[in-house]
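Each chain, letter by letter, is given below.
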Amino acid sequence: MVRRDRVATGFGAVLLLAVAMPVVSMVFSIWDQGHDELSLAFLLQDPRQAGQAGGIASLMISTGWILAICLAVAVPVGLGCALYLSEQVPPGSRRERGLGFVLDVLAATPSIVFGLFGYQFLAITLGFGFSLLSGGIALSFMVLPLMIRSAEQALRAVPRAHRQAATALGVTRTGWITRILVPSAAPGIAVGVILSVGRALAETAVLLFTAGYVLRRPDSVMDSGRALSVHIYDMAMNVPGGADRAAATAVVLITALILINVTIRGLIRPSRAGGHA
Amino acid sequence: MSQTEAAVRDDGIIASVSGPVVVARDGIAMIVNADNPVDAITRAEVRALYRGETDNWQALGWTDRPVTVINKSSGRATLTRFLEYFGLDNRNVEADMVIGENQQGIQAVASAPAAIGYVSVGAAEYEADAGTAIRLLKLDGVAASTSAVGAGRYPLGRDLNLITTGERSAMVQRFLDFARSDAVADLYRKHYFVPARG
Amino acid sequence: MADRWLHRLLWLSAMLAALVLGGIVVLLIGRTAPFIAQQGMDLLARQWYPGDGEFGMAAMIAGSLAVAVLALVLAAPLAVALAAWLRYFAPGWLRRPALALFALMAGIPSVVYGLWGLLVLVPWINGWVPPGASWLAGSLVLALMILPLALLVTDAALAQVPPDWLHAGAALALSRVGMLRRVVLPHTAPAIASGVVLQFGRALGETMAVLMVCGNVVQWPGSVFEPVRTLTANIALEMSYAAGDHRIALFASGLLLMLVTMALLALSWRLGRRHHGTA
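Just so you know, these numbers come straight off a predicted model, no measurement behind them.

**Here we look at the overall build of chain B**
Then step 1. Assigned secondary structure in chain B consists of 7 helices and 9 strands.
Then step 2. Out of the 198 residues in chain B, the part that is buried amounts to 42%.
Then step 3. Sequence separation of 24 or more characterises 68% of the internal contacts of chain B that already satisfy a separation of 6 or more.

Given below as structure tokens:
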């Protein structure tokens, strides 16, 4: 290796450390502050006393519902849109560029704007009020571009040979899409789902104005419910003595994210090696 | 739950209210960092600090250190009450930092040695008792504590209210009575507020 | 037959996405148009005293831009340098854990970044220059937040470089640094630039973290150690307590953010046009 290459290697290592340090310190301090509060009881009990006591069980339920609603909207619509882009729109056409621009704008839109939109349109105009439904749908709008882009990449990556073979065999459009294309692209689509889940779970601003703040277990999707991310904010910023619990909740949230990530990636790896559905 | 004057329409404007029902009392405490030896402050001193007339801790008995003044963001009842009590106009307040919720204020003061801010007495007392690095200042000689608020001695008090819109149904009235009853007094005390019944 | 239904279904999905964007813009404009027409230049000329009916946003627009620009200046070179380093200089075994680190960073909720900023970074800056909660604090936290994705985008762009070029460079005895400077980076610059501009949009849109560390004083950005307030933090801070015109003013600032985002994107598209689009 030339000398300047060696210097560059060293320099890069220093940069990496400089970046890793705050992150590691962040994760450590959260763990340090929160792990005392962590226990099975914390995960299984509902919050009491505005969250100063008890656990986060009802919040996990609310978060689960919000996530489910979000995915129920974002995955079909996202996949449909991605299929439209990859199957029915010629690359480089005006339609493709137009839709691409729209999606990019949505992707870059500040999350708080989705909060405002969700509040005004879903909560007030459609009358859903502060509810899991409002929160889930508003979140789905936010993750839609991410979902579409990941799915589209996965779909486009399917080898052309497959398509040619399908045409040669006289497979219908529908059959091609449902039996060959989507299953082949499934791993990439799953990654899109993980990314969307990650984005949705980490989001606070949108939910503050749509799903609300309520601590108890939701009876229906029209009830308000508090997501884990909102709880972290509330415990840290609103509730006296809540900092430890905020940290504990953050540990739970980050762990959940890592688990989801690892699980889905684990699931898709064997299917990739094994071939197709 | 803090003091407001009306009830909310969907554009946020308050339309009509059935008079506020006081359910608990709280106060607004001036707080400083625990490293700060100052433990009392007067109305005149607060005015001077927030108007930028005094900007060094030396003037209040500490070392030569610029004061970090912390204010609350507009629209909040704590701000309104604070300005009202100290006779200040928000335009004349020179703040070094603006916070939203009480806890943000507490965390901000706890992590900045030269800071001064104002938050709910209940929240501050809770945190100070739990070991957070803040100190509640005596205001014009009266200690900022929940007991002082309860006894009516603390000058900068504020009422915590429930408000309703339109006609009060029987159920709503029952809830309001419940909220002022002895059955829930301990709940208010647990949050370091003083139940309205005293 | 089924094909046609499928076709329509897919078209509908695509339209839904477009409708959402259209809906947001229409709703924001609808709600705020009369107010904006009435206020006119006051929205820029005056100061922000909503209690007195003054809704001047200029200082906050400057605050948003200042915090985002500095964050980008800090994060972008770092992202490119680290991505290139990981790909060309780092020992192979380091790649996986490093990428895992960045994936972790991307998954940490913004509230957590904000909390760390408030409890660790702000006091640290306070030790140098009070008050600590400042433009610099906001940009530092934001830089950390946009770094992972900026790095991943750069990495994806670097992956597109034809291997033949790298082989040719090696055959010509170019040092790795030389190859980077003269071959790889010039080729990937448009894609990297376009991806980085997208991250700028994200920085502009971040709310919770800047709310906790920027100080939130409405004033024109002066020294990096002084507090500023961004449009996003303003909405989060005041929305719950805003009524009537104040609330509409907040919606108007949301609209402004969207318009700036769209402008940025147009720029990003122009930059990336030379490169055949990857995400």
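**As for the overall build of chain A**
Then step 1. In terms of regular secondary structure, chain A is built from 11 helices and 2 strands.
Then step 2. Reading chain A from its N terminus to its C terminus gives the helix and strand order α-α-β-β-α-α-α-α-α-α-α-α-α.
Then step 3. Burial analysis of chain A (277 residues in total) assigns 49% to the buried set.

**A short note on the nonpolar core**
Then step 1. In this structure, B:I31, C:L142 and C:V213 are the most contacted members of the largest nonpolar core, which totals 234 residues.
Then step 2. Two domains each provide a minimum of three residues to this core, namely domain 1 (1–34) and domain 2 (40–274) of chain A.
Then step 3. When near neighbours in sequence (up to four residues on either side) are disregarded, C:V213 contacts C:G114, C:G117, C:L118, C:L121, C:V122, C:A133, C:A137, C:G138 and C:V141.

**Overview of the pairing of strand 3 (residues 68–72) of chain B**
Residues and elements named next belong to chain B.
Then step 1. Summarising burial for strand 3: 5 of the 5 residues are buried, a large majority.
Then step 2. Bridging between strand 3 and strand 5 (residues 115–120) involves 2 bridges; their strand directions are parallel. Residue pairing in the sheet places T68 in a bridge with A115 of strand 5.
Then step 3. Pairing geometry for strand 3 and strand 4 (residues 97–99), over 3 bridges, is parallel. Within strand 4, the position partnered with I70 by the bridge is M97.

**What to know about helix 6 (residues 132–156) of chain A**
Residues and elements named next belong to chain A.
Then step 1. Taking 1.5 Å as the rise per residue, helix 6 with 25 residues should run 36 Å; its terminal C-alpha atoms sit 34 Å apart, in good agreement.
Then step 2. Along helix 6, the helix axis deviates most sharply at V143, where the bend reaches about 45°; the proline P145 sits within four residues downstream.
Then step 3. Across the 25 residues of helix 6, 23 count as buried, placing the element largely inside the fold.

**Considering the interface of chain B and chain A**
Then step 1. Facing the 9 residues of chain B at the interface are 9 residues of chain A.
Then step 2. Elements with a contribution of two residues or more to the side of chain B that touches chain A: helix 3 (102–111) and helix 4 (121–129) of chain B.
Then step 3. Classifying every residue of the side of chain B that touches chain A by side-chain character gives 3 nonpolar, 2 polar and 4 charged.

**Here we look at the interface of chain C and chain A**
Then step 1. Contacts between the two partners involve 61 residues from chain C and, on the opposite side, 62 residues from chain A.
Then step 2. Of all the secondary structure elements, the ones that give two or more residues to the side of chain C that touches chain A are helix 1 (2–39), helix 3 (58–88), helix 4 (92–107), helix 5 (110–128), helix 6 (135–159), helix 8 (176–205), helix 10 (231–238) and helix 11 (245–272) of chain C.
Then step 3. Per-class residue counts for the side of chain C that touches chain A are 45 nonpolar, 12 polar and 4 charged.

**Topic: the domain arrangement of chain A**
All names here are of chain A.
Then step 1. Partitioning chain A into domains gives domain 1 (1–34) and domain 2 (40–274).
Then step 2. Here the C-alpha centroids of domain 1 and domain 2 sit 31 Å apart.
Then step 3. With 4 residues of domain 1 at the contact, the number on the domain 2 side is 6 residues.
Then step 4. Here the side of domain 1 that touches domain 2 is composed, by residue class, of 2 nonpolar, 2 polar and no charged.

**Focus: the confidence of the model for chain B**
All names here are of chain B.
Then step 1. When pLDDT is averaged across chain B, the result is 85; 89% of the residues are at 70 or more.
Then step 2. Low pLDDT (under 50) marks residues 1–8, which in the prediction has 24 contacts with non-local residues, meaning those over four places away or in another chain.
Then step 3. For this predicted complex, the interface score ipTM comes out at 0.81, while the overall pTM is 0.84.

**A closer look at unusual backbone geometry**
Then step 1. Going from C:P130 to C:P131, the amide bond is cis rather than trans, its omega being 0°.
Then step 2. Inspection of the secondary structure assignment puts C:P131 in the loop between helix 5 and helix 6.
Then step 3. Despite not being glycine, B:D140 has its phi angle at roughly 50°, a positive value.
Then step 4. One non-glycine residue, C:N216, lies in positive phi territory at about 60°.
Then step 5. By the element assignment, C:N216 lies in the loop between helix 9 (208–213) and helix 10.

**What to know about the packing of helix 3 (residues 57–88) of chain A against helix 8 (residues 173–202) of chain A**
Residue and element names in this part refer to chain A.
Then step 1. Where helix 3 meets helix 8, the closest approach of the two axes is 10 Å, and the angle between their N-to-C directions is 135°. Taken together, helix 3 and helix 8 sit at an angle that is classed as oblique. Remark: the crossing between helix 3 and helix 8 carries right-handed chirality. Packed against helix 3, whose contacting residues are L67, C70, L71, A74, V75, L79, L83 and E87, the element helix 8 presents I177, I189, V193, S196, V197, A200 and L201 at the interface.
Then step 2. The class makeup of the residues in the contact of helix 3 with helix 8 is 13 nonpolar, 1 polar and 1 charged.

**Concerning the environment of B:Y154**
Residues and elements named next belong to chain B.
Then step 1. Residue placement: Y154 occurs in the loop between helix 5 (146–151) and strand 8 (157–164).
Then step 2. For the pair Y154 and D64, spaced 90 residues apart in the sequence, the C-alpha separation amounts to 30 Å.
Then step 3. Discounting chain neighbours no more than four positions away, the residues touching Y154 are G27, V142, A144, A148 and V149.

**What about helix 2 (residues 77–86) of chain B?**
All names here are of chain B.
Then step 1. Residues of helix 2 that are buried include every one of T78, L79, R81 and F82, and no others. Buried residues along helix 2 cover an arc of 165° about the axis, so they all sit on one side.
Then step 2. Downstream of helix 2 by one or two residues, G87 has phi in the positive range, about 65°.

**Comments concerning the confidence of the model for chain A**
All names here are of chain A.
Then step 1. Residue-level pLDDT values for chain A average 84, and 95% of them are 70 or greater.
Then step 2. Within chain A, the lowest mean pLDDT, 76, falls on helix 11 (residues 243–274), and the highest, 90, falls on helix 3.
Then step 3. In the model, residues 272–277 has pLDDT below 50 throughout and makes 5 contacts with residues more than four positions away in sequence or in other chains.

**A look at the environment of C:I248**
Residues and elements named next belong to chain C.
Then step 1. Along the chain, I248 turns up in helix 11.
Then step 2. Of the residues examined, I248 has 22 C-beta atoms within 10 Å and is grouped as buried.
Then step 3. In this structure the C-alpha to C-alpha distance between I248 and L65, which are 183 residues apart in sequence, comes to 22 Å.
Then step 4. Residues within four places of I248 in sequence aside, it is in contact with R31, T32 and F35.

**A word on the packing of helix 3 of chain C against helix 10 of chain C**
For any two helices packed against each other, one specifies the inter-axial angle together with the distance between the axes.
Residues and elements named next belong to chain C.
Then step 1. Following both chains from N to C, one finds helix 3 and helix 10 inclined at 120°, their axes separated by 7 Å at the closest point. Classed by the angle they form, the pair helix 3 and helix 10 counts as oblique. Here M60, I61 and S64 of helix 3 lie close against helix 10, whose contacting residues are L231, T232 and N234.
Then step 2. Broken down by class, the residue content of the contact of helix 3 with helix 10 amounts to 3 nonpolar, 3 polar and no charged.

**Looking at the environment of A:P47**
Residue and element names in this part refer to chain A.
Then step 1. Within the element layout of this structure, P47 appears in strand 1 (residues 47–48).
Then step 2. Sequence spacing of P47 and R217 is 170 residues, and the spatial spacing of their C-alpha atoms is 9.8 Å.
Then step 3. Setting aside residues up to four positions removed in sequence, P47 forms contacts with G54, G55, I56, S58, L59 and L215.

Calculation rules
- Residues numbered from 1 in each chain as written.
- Chains lettered and ligands numbered in written order.
- Predicted model: local features only at pLDDT ≥ 70, side-chain atom pairs only at ≥ 80, totals over all residues.
- Helix = DSSP H or I, 4+ residues; strand = E, 2+ residues; numbered from the N terminus.
- Buried ≥ 20, exposed ≤ 12 C-beta atoms within 10 Å, placed from the backbone.
- Contact = placed C-beta atoms within 7 Å.
- Core = buried A, V, L, I, M, F, W, Y, C linked by C-beta atoms within 7 Å.
- Domains from an automatic or database assignment.
- Pairing = 2+ DSSP bridges.
- Expected span 1.5 Å × (residues − 1).
- Bend = angle between axes of the 7 residues up to and from the residue.
- Nonpolar A, V, L, I, M, F, W, Y, C, P; charged D, E, K, R; others polar.
- pLDDT = per-residue confidence, 0-100.
- Axes fitted to C-alpha atoms, helices over the stretch in contact; angles between N-to-C directions.
- Parallel < 35°, antiparallel > 145°, perpendicular 65-115°, else oblique.
- Left-handed = near helix turned anticlockwise from the far one by under 90°.
- Arc of directions from axis to C-beta.

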